[in-house]
Amino acid sequence: MRLAPLSLVISLSLFTWQAHGQDTNTVSSIQAEIDIKQSEFKELSGVLDKHLKQEKQLQEQLELLRSRSISLEKERNQSLDAMNDLYRRLIEDPTLDISAAQTRYQKAIADLKQNKDDIDLQLVAISSHRKDIEAIRVSKHTLVNTLESLKQQKNTARVERLRNEFTREGTVEVNHTVNCKRTETLAACEQRGQSQGLQKATKRFMDQIFANITEQRVVEPKRNMSGAQVQVLSSHVVNSSFSGQGNYNTNLSVTMRGEVNASRLCNLLNLDNSFCSDYGSAIPNVYQPVISASYDEPVVRFKDNKSAPSSASMVTNRDTVEVNTPKKERLFQLTLRSNVRDDEVFINGVSYGSTRLDVSLPSGSYDIEIRKQGYQTYTRNINLKRSQTLRANLRKETITQSNYNQTRTRQTTSTRSLSTRSTIANSAGMIVIPAGEFEMGDLTGNGLANEQPIVKKILSDSYAMNEKEVTVGEYNEFVADTAYKTEAESGQGCAYYLNGEPVWEASLNWQNPGYEQKDNFPVVCLTYSDAKAYADWLSEKTGNEYRLPTEVEWEYAARAGTKTDYPWGNDIGNNLANCGWCGSEWSNQSPAPVGSFSANRFGVYDTVGNVWEWTQKTAGRSDVAIRGGAWNFAPTLARASTRLILATDFRANYIGFRLVRER
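Since we're looking at a predicted model, the values are computed, not measured. (Residues numbered from 1 in each chain as written. Predicted model: local features only at pLDDT ≥ 70, side-chain atom pairs only at ≥ 80, totals over all residues. Heavy atoms only, no water.)

So, the sheet that holds strand 14 (residues 430-433)
Working step 1: One open sheet accounts for four strands, arranged 14-17-25-20; its pairing is antiparallel. Because the sheet does not close on itself, it has two edges, and the strands there are strand 14 and strand 20 (546-547).
Working step 2: Relative to strand 17 (residues 463-466), strand 14 is paired through four bridges, and the arrangement is antiparallel. Note on strand 17: the bridge partner recorded for Ile-431 is Met-465.
Working step 3: Packing against the sheet, helix 11 (residues 551-559) makes contact with strand 14, strand 17, strand 20 and strand 25 (660-661), and its axis sits at approximately 75° to strand 17. (Pairing = 2+ DSSP bridges. Helix = DSSP H or I, 4+ residues; strand = E, 2+ residues; numbered from the N terminus. Contact = heavy atoms within 4.5 Å. Axes fitted to C-alpha atoms, helices over the stretch in contact; angles between N-to-C directions.)

Below, the structure is given as structure tokens:
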């Protein structure tokens, strides 16, 4: 009798063992490369620390030289005064010896000159040292990406290894004895014995599969969620017999192959489901645990009850477990209109430009003010629970001497065009970030060393921030108005990422970054100074103060009240953002048009991936942190707390910026 689908492993075919060995070697070779790169990273970090200490010493020596210069200048002045006094006395007394005063003055001049020369040499040494530090930092940030990319490859290889381990083929022989019931025929007893023998074989096969999984300790606790099954490829009765006591004994030889729902492999290995995207849609919320077969309750179901053809399949009983996932906070569009032009809208005290205005906000209470000189201020509090339109009717003020004086004190002395201010302010696309507090740094343990320690930060006031990264079109307005030349256009061009390191290309700049772009793409190939120049221009044009965000402001806005690596959780997911290996159509190709993915709870877009973003330089430092990850960097570098430190004159086709507006 031929029986049907499931599995065990007393003997496995040779080629399946070889495949397993190749998978293991692949994971091991990637891990070996990771170990090498981690060693290089550690060594590079040590070199950087040494250089930073040396730079500090050079700076301290420079300060000493500058302090000495003050005392030497004082000595020169005193020696000059003494010599001048002797010269006056020499007129009255020609025999007076002034050689000592001359020697003193000559020495003062020589010492001062030598000290100035020492200062110049020290500045040259510091400049050279600073270039070394910048080069090390660039190497370090590219090595970080190489490391994280290798980790991605390793996890992909782990998934493939586990899939191959689950789908091995093997043959098992089992002996099984049943007691025939008085009420059943010998044929029925024989079929029952063989069915239970098959069931016994498949359970042993599955046990052996799990026992031989390389990462057995990780996988075994989730065995009932694996969806693993066994397909019987062939089976036959080696021998069978009835005993005089009414027992039926059978010896079965069964060839089987394991099967697994490949989309669940990531869950078994505690990996992000994105690593299983090649195997079809992941199933993050529903699991179908395998119910272990019991010998007295056969779970074999044949397609034809009269016979058991080899194509028949065994189906396990299954339960479904529902897992609740947090809902994303919705954003509602608030549309503001008024009966006047050139007004100014304030939401919770933050200026949003003039009407007509459309802004996306989370649900909640908002204080709305619409102001215009010569008109009574329109005020209203709304509880935003759905998208809505607010139409304001501003009434002219009645001019009296007292309110005339008050109005005069509020008048601006600027001669800027109000229509220009209105247009540019609206194009800036600002969104209010409410006041609050948060924990800044690596909260999940997945970060880099410079993300520690975790520090509690309090933002006492709300502020406005670009909801999207500054675009090519917006930067073009600035260049058209000022004829500004970026450092890439006037220097050695812009860097792009190739084979694990940035490569400089003289022809690359913000207009030609090395890939096709449109006006709604984030502008790149800009230095810190290039980004700041845009902020200064926008400030002058609008009358509001724009600047790059501090690291605290950036991370607070990116987290949007969460404590996870990404706005939606600790797994990058698939096609939720544009970063390397994130599953989007732009991943490892180019940035995406700004706002191509969902905003976070504050309504801010692209804080995960797309392009790294400059943050404001800390006083006294010559380098700057970039935040947010990029389209060609590993997903683990697009976490909310990730920070890379670069020189302010670095530029690459994966670094852009966004702005904040002061209250």
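With respect to the state of the cysteines
Working step 1: For the coordinates displayed, the defined rule picks out four disulfides.
Working step 2: Ordering the disulfide-forming cysteines of the chain by sequence position, one finds them joined as 1-2, 3-4, 5-6, 7-8. (Disulfide = S-S within 2.5 Å.)

Describing the pairing of strand 8 (residues 344-347)
Working step 1: Side chains of strand 8 alternate between two faces, with Glu-344 and Phe-346 and Val-345 and Ile-347 buried alike.
Working step 2: As paired elements, strand 8 and strand 11 (residues 364-371) share four bridges and run antiparallel to each other. The residue bridging Ile-347 from the neighbouring strand is Ile-368, located in strand 11. (Buried < 20%, exposed > 50% of the residue type's maximum accessible area, 1.4 Å probe, protein only.)

Some thoughts on the environment of Tyr-605
Working step 1: Note that Tyr-605 resides in the loop between helix 11 and strand 21 (612-614).
Working step 2: When the C-alpha positions of Tyr-605 and Lys-468 are compared, they lie 5.3 Å apart, and in sequence the two are 137 residues distant.
Working step 3: Every residue in contact with Tyr-605, bar those within four places of it in the chain, is listed here: Glu-467, Lys-468, Gly-595, Phe-597, Ser-598, Ala-599 and Arg-658.

Some remarks on helix 8 (residues 472-482)
Working step 1: Three or more residues of helix 8 are buried, namely Val-472, Gly-473, Glu-474, Tyr-475, Phe-478 and Val-479.
Working step 2: Of the residues one or two after helix 8, Ala-483 is the one with positive phi, at around 60°.

Section: the nonpolar core
Proteins that are soluble and globular tend to have nonpolar side chains buried together.
Working step 1: Tyr-654 and Phe-657 are the most contacted members of the largest nonpolar core, which has 48 residues in total.
Working step 2: Breaking this core down by element, the ones donating at least two residues are helix 2 (99-166), helix 8, strand 18 (494-498), helix 10 (528-542), strand 21, strand 22 (623-627) and strand 23 (643-647).
Working step 3: The dominant element in this core, judged by the number of residues it contributes, is helix 10, at seven residues.
Working step 4: When residues no more than four places from it in sequence are discounted, the contact partners of Tyr-654 are His-141, Tyr-497, Pro-502, Val-524, Val-611, Trp-612, Ala-630, Trp-631, Asn-632 and Phe-633.
Working step 5: Ile-347, Ile-382, Ala-392 and Met-465 belong to the second-largest nonpolar core, a separate cluster that totals 35 residues. (Core = buried A, V, L, I, M, F, W, Y, C linked by side-chain atoms within 4.5 Å.)

Observations concerning the packing of aromatic side chains
For any pair of aromatic rings, the description rests on two quantities: the centre-to-centre distance and the angle between the ring planes.
Working step 1: All told, the structure shown has 22 aromatic pairs when counted by the stated rule.
Working step 2: Ring geometry for Phe-478 versus Tyr-484: centroids 5.1 Å apart, planes at 40°, classification tilted.
Working step 3: In this structure Phe-478 comes out as buried when scored by relative accessible area, which is 3%.
Working step 4: Ring geometry for Tyr-515 against Trp-631: centres 5.7 Å apart, planes inclined by 80°, an arrangement best described as edge-to-face. Of the two residues, Tyr-515 sits in the loop between strand 19 (501-505) and helix 10 while Trp-631 sits in the loop between strand 22 and strand 23, which places them 116 residues apart along the sequence.
Working step 5: Residue Trp-631 is classed as buried on the basis of its relative accessible area, which comes to 7%.
Working step 6: Members of the aromatic cluster, joined through ring pairs, are Tyr-475, Phe-478, Tyr-484, Trp-510, Tyr-534, Trp-537 and Phe-657.
Working step 7: Across from the ring centre of Phe-346, 3.9 Å away, lies the NZ or CZ of Arg-371, which sits over that ring.
Working step 8: The ring of Tyr-605 has Lys-468 lying over it, and the distance from NZ or CZ to the ring centre is 5.3 Å. (Phe/Tyr/Trp six-rings, centres within 6.5 Å; stacked < 30°, edge-to-face > 60°. Lys NZ or Arg CZ within 6 Å of the ring centre and 35° of its normal.)

Brief notes about the sheet that holds strand 23
Working step 1: Read from one edge of the open sheet, four strands run 23-22-21-24, paired in mixed fashion. The open sheet has two free edges, formed respectively by strand 23 and strand 24 (655-656), since each of these has just one partner strand.
Working step 2: Sheet topology places strand 22 next to strand 23; five bridges connect them, and they run antiparallel. For Ala-625, the partnering residue across the bridge sits in strand 23 and is Ile-645.
Working step 3: Strands strand 21, strand 22 and strand 23 of the sheet are contacted by helix 11, whose axis makes an angle of about 5° with strand 22.

Details of the packing of helix 8 against helix 10
Working step 1: With their axes 10 Å apart at the nearest point, helix 8 and helix 10 run at an angle of 75° to one another. As the angle between them shows, helix 8 and helix 10 are arranged roughly perpendicular. On helix 10, the residues that touch Glu-474, Tyr-475, Glu-477, Phe-478, Asp-481 and Thr-482 of helix 8 are Asp-530, Ala-533, Tyr-534, Trp-537 and Lys-541.
Working step 2: Taken together, the residues of the contact of helix 8 with helix 10 break down into five nonpolar, one polar and five charged. (Parallel < 35°, antiparallel > 145°, perpendicular 65-115°, else oblique. Nonpolar A, V, L, I, M, F, W, Y, C, P; charged D, E, K, R; others polar.)

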